[in-house]
Each structure stands twice: as C-alpha cells, then as structure tokens.
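Commentary on secondary and tertiary structure
The residues making up each chain are set out below.
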Amino acid sequence: MFAEDEARLLLDEARDASQLESLVARRVAGEPLEYVLGWAEFAGLRLAVAPGVFVPRRRTELLLRLALDAISRPSLLELCCGVAPVATAVKARRPEASVIASDLDPAAVAVARANLEPLDGSVVEGDLFASLPATARFDVIAANAPYVPSAELVNMPREAREFEHPLALDGGDDGLALHRRIAAEAARWLAPGGTVLVETSRRQAPLDREIFEARGWRVELVPDDELDATAVRAVLPA
Ligand code: GLN
C-alpha cells in the first residue's frame, strides 16, 4: 500500500472536509487503514471490518483458491473466521455452497454476520467446533487460526500489535496450539473425502506436517510465493 493509494481511498470515503480530517488523524495515529475505511479488500470483495477484529490479509487468498479447487460444490466451514473472508468469498463465487463460519470473539461474529448473512451463509459463536450443529459435515474446513508464537507478537507491525486483538494472533508457545486442536478434532466434522486447509508460515510448515501426520492425516504443504503464503492441505487416507 502506498501513500497515494491511501490518500485516494480516504478521499473517496470521506463525506466532507471535516470527516476527511478525522479519518486522516486516525490513520496518522497508526490505526490500520482498513479500520479507518470500515472495509478491507479481499479477493475482489469489499468486506466489513471492525475495530480489534483481525484484518483479512491478501495471503489468505491462498486458502480461498485451495477451497475452491478442493471440490466443485463445497459445504465449507471457516474456523477462527474473523470477518469470514474465505467463507464469504466462497459463497460469493459458489452461491449454491453451504457455508458456515465460526469464531470465539463476539466482535468477530458480528462483523462476519454482516459479511456472510446477506449471501445466506451463517455464523456461529464458539470455540472451534463447539457451537456447530452435531450433524454438520463439511467438504472443506478452512482455518486462518492465530499462529504467531506468543514471544514473537512483539515483532509484529505496530498496526497489528496495537490494534488487533491478541486473541486473533497469539498461537501459544510455538504458534501451533490451535493447529494441534484442529488436527485432533477436524476428522469428526469432515465429509468423506473432505479436505482441511490451514494457513501457516513457511517456517512453521514442517512442524505442522508432523502435527497433522501424527493424527493420521495425509499432508501436502502448498507454498505461494506471490502471496507470501503457505497452507497445509490435509486429507484422511481413504
Ligand atoms: N503472520 C500472519 C499475519 O499477520 C499471522 C496471521 C495469523 O496469526 N493468523 O498475516
């Protein structure tokens, strides 16, 4: 993002000079541009965002691409959904898909609903799978769960450190606490032949492979240099 682009977006968003001044002041104080605008672009969509809720990153478009590849008529669950970028973009492209998103944080659930409900997707509030209907089964389970090791939160850009909820970033000692839980719990929610997709970093990917393989998953690590993204693609052996 460059200064000229930001200026243009703020100019477009402001109704008048005094609102422009207040938007610029918030941005100068370090607030993420997306919070100031009230939306973030993801995969060509404008998604609502809300203060404290993880701002969707472009790299998560890798999960979207893999989710769309995984199956032609997906029922999809997005875990730790934040504003629900993957679920919303899947539903926008495949209106016939059945799509649910879940998050622990009520602020995330509210903004995920604003994005997903107009497209007829649904959002539940709860810890990972806790609030899903017991009979639900999914062809694709996608998660951009927090995966930053706790001790490395201090190295994140100021916008993330000061404005995003630590709950959305902190993945515990090695960053993979949630990934261990997903590896342990996802099988029961997956339809036969289904796929689990988890965003990770290049550095953490080998440990993710061990974590998922130890639970019986067949794992492929998918890097995308252009998006600076890495995903774990896990399936259960037939
Ligand atoms: N490194 C990631 C980012 O800021 C962390 C994302 C996450 O924890 N889900 O884009």
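Above this text sits the structure in question.
Presented here is an overview of the structure given in this document. (Residues numbered from 1 in each chain as written. Predicted model: local features only at pLDDT ≥ 70, side-chain atom pairs only at ≥ 80, totals over all residues. Heavy atoms only, no water.)

**Thoughts on the pattern of salt bridges**
- Tallied over the full model, the rule gives 18 salt bridges.
- In this structure, Arg-209 and Glu-213 form a salt bridge, with 3.3 Å as the shortest nitrogen-oxygen distance. Here the residue Arg-209 and the residue Glu-213 both occupy positions in helix H9 (residues 205-214), the gap between them amounting to 4 residues, near one helical turn.
- One network of salt bridges, with partners in common, ties together Glu-6, Arg-27 and Glu-159. (Salt bridge = Lys/Arg side-chain N within 4 Å of Asp/Glu carboxyl O. Helix = DSSP H or I, 4+ residues; strand = E, 2+ residues; numbered from the N terminus.)

**Some details on the environment of Ala-160**
- Relative to the elements of secondary structure, Ala-160 occurs in helix H7 (residues 158-163).
- C-alpha separation for the pair Ala-160 and Gly-30, spaced 130 residues apart in sequence, amounts to 9.9 Å.
- Once residues lying within four places of it in the same chain are set aside, the contact partners of Ala-160 are Arg-57 and Leu-169. (Contact = heavy atoms within 4.5 Å.)

**A closer look at the site of the ligand**
- Residues in close proximity to the ligand include Phe-54, Arg-57, Arg-59, Asn-144, Ala-145, Pro-146, Tyr-147, Val-148, Met-156 and Leu-169, which together make up its full environment.
- For the ligand, an oxygen atom lies 3.0 Å from a polar atom in the backbone of Tyr-147.
- Here the ligand, which alone exposes 300 Å², has 87% of that area covered by the protein.
- Classifying every residue of the shell around the ligand by side-chain character gives 7 nonpolar, 1 polar and 2 charged. (Near = heavy atom within 4 Å. Polar contact = N/O pair within 3.5 Å; in protein donor to acceptor, adjacent residues only side chain to side chain. Areas by Shrake-Rupley, 256 points an atom, 1.4 Å probe, with all protein chains shown as cover. Nonpolar A, V, L, I, M, F, W, Y, C, P; charged D, E, K, R; others polar.)

**Some thoughts on the sheet that holds strand S5 (residues 122-125)**
- Pairing within the open sheet is mixed, and its 7 strands lie in the order S5-S4-S3-S6-S7-S9-S8. Only two strands of the sheet have a single partner each, and these edge strands are S5 and strand S8 (218-224). Direction aside, neighbouring strands of the sheet carry axes that sit 20 degrees apart on average.
- Two elements, strand S3 (residues 75-79) and strand S4 (residues 98-103), share 4 bridges in a ladder whose sense is parallel. Across the sheet, residue Glu-78 finds its bridge partner in S4, namely Ala-101. (Pairing = 2+ DSSP bridges. Axes fitted to C-alpha atoms, helices over the stretch in contact; angles between N-to-C directions.)

**Digging into the pairing of strand S6 (residues 138-143)**
- In terms of residue burial, S6 counts as a mostly covered element, since 6 of its 6 residues are buried.
- When S3 meets S6, the two strands line up parallel, connected through 4 bridges. Directly across from Leu-77, in S6, lies its bridge partner Ile-141.
- Sheet topology note: the S6/strand S7 (residues 190-200) ladder contains 5 bridges and is parallel. Its bridge partner lying in S7, Ala-142 is registered against Leu-197. (Buried < 20%, exposed > 50% of the residue type's maximum accessible area, 1.4 Å probe, protein only.)

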